[in-house]
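# Structural description and commentary
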Amino acid sequence: MSVIAHEVEVLDPIGLHARPASQIVKLVKESGLTITIGREGEEFVKANSALMLMSLKIKTGEKLTLQVETEDAAVAGEIAGQIQEFLKG
């Protein structure tokens, strides 16, 4: 299985908080794919747990990398686009 990476930016003035974290978790679970998220150069966490996402303590303006395990670049791009929308606030 390939891993397709996308970058997203946290634009929400509060940073990554409970509401977008829960939206991301719901999307990941519905997709059935393994998706990890994190800062470049740091440990990534699975995006299927709001607590794991919140533990990253992501602030406004930070750029994150999504890693989507799929062969379908279009699906990975669509998921990244939806996650970016959740991070707009």
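Before reading further, recall that the structure is shown in the block above.
Notes on the structure follow. (Residues numbered from 1 in each chain as written. Predicted model: local features only at pLDDT ≥ 70, side-chain atom pairs only at ≥ 80, totals over all residues. Heavy atoms only, no water.)

## Looking at the packing of helix H1 (residues 18–31) against helix H3 (residues 73–86)
Interaxial distance between H1 and H3 falls to 9 Å at its minimum, and their mutual angle equals 165°. One way to sum up the angle between H1 and H3 is to call them roughly antiparallel. In the crossing of H1 with H3, the sense of the turn from one axis to the other is right-handed. In contact with Pro20, Gln23, Ile24, Leu27 and Ser31 of H1, H3 contributes Ile79, Gln82, Ile83 and Phe86. Grouping the amino acids of the contact of H1 with H3 by side-chain chemistry returns 6 nonpolar, 3 polar and no charged. (Axes fitted to C-alpha atoms, helices over the stretch in contact; angles between N-to-C directions. Helix = DSSP H or I, 4+ residues; strand = E, 2+ residues; numbered from the N terminus. Parallel < 35°, antiparallel > 145°, perpendicular 65-115°, else oblique. Left-handed = near helix turned anticlockwise from the far one by under 90°. Contact = heavy atoms within 4.5 Å. Nonpolar A, V, L, I, M, F, W, Y, C, P; charged D, E, K, R; others polar.)

## Topic: the nonpolar core
Within the largest apolar cluster, 24 residues are counted, with the highest numbers of intra-cluster contacts made by Leu16, Ile24, Ile37, Ala47, Leu53, Ile83 and Leu87. Elements supplying a minimum of two residues to this core: strand S1 (3–9), H1, strand S2 (35–38), strand S4 (63–69) and H3. Of all the elements, H1 adds the most residues to this core, at 5 residues. Apart from the residues lying within four places of it in its own chain, the contact partners of Ile24 are Leu16, Ala47, Leu53, Ile83, Phe86 and Leu87. (Core = buried A, V, L, I, M, F, W, Y, C linked by side-chain atoms within 4.5 Å. Buried < 20%, exposed > 50% of the residue type's maximum accessible area, 1.4 Å probe, protein only.)

## Thoughts on the sheet that holds strand S3 (residues 45–46)
Spatially, 4 strands are ordered S1-S4-S2-S3 in an open sheet, and the strand pairing comes out antiparallel. Of all the strands in the sheet, just S1 and S3 have a single pairing partner and so form its edges. Taken together, the 4 bridges between S2 and S4 define a ladder with antiparallel strand orientation. The partner of Thr36 across the bridge, within S4, is Gln67. Relative to the sheet, H3 contacts S1, S2 and S4, its axis offset from that of S1 by approximately 20°. (Pairing = 2+ DSSP bridges.)

## Here we look at the pattern of salt bridges
Within the structure shown, the criterion is met by 5 salt bridges. Among the ionic pairs, Glu30 bridges to Lys26, the shortest N-O distance being 3.5 Å. On the criterion of helical spacing, the pair formed by Glu30 and Lys26 is a turn pair, its members being 4 residues apart in helix H1. Exposure class is identical for Glu30 and Lys26. Each is exposed. Across the pair Glu62 and Arg39 runs a salt bridge whose closest N-O atoms are separated by 2.5 Å. Highlighted residues: Glu62 in the loop between helix H2 (50–54) and S4 and Arg39 in the loop between S2 and S3, separated in sequence by 23 residues. Residues Glu62 and Arg39 agree in their burial class; the two are buried. One network of salt bridges, in which partners are shared, links Arg39, Glu42 and Glu62. (Salt bridge = Lys/Arg side-chain N within 4 Å of Asp/Glu carboxyl O.)

None of the figures reported here should be taken as evidence of function without further support.
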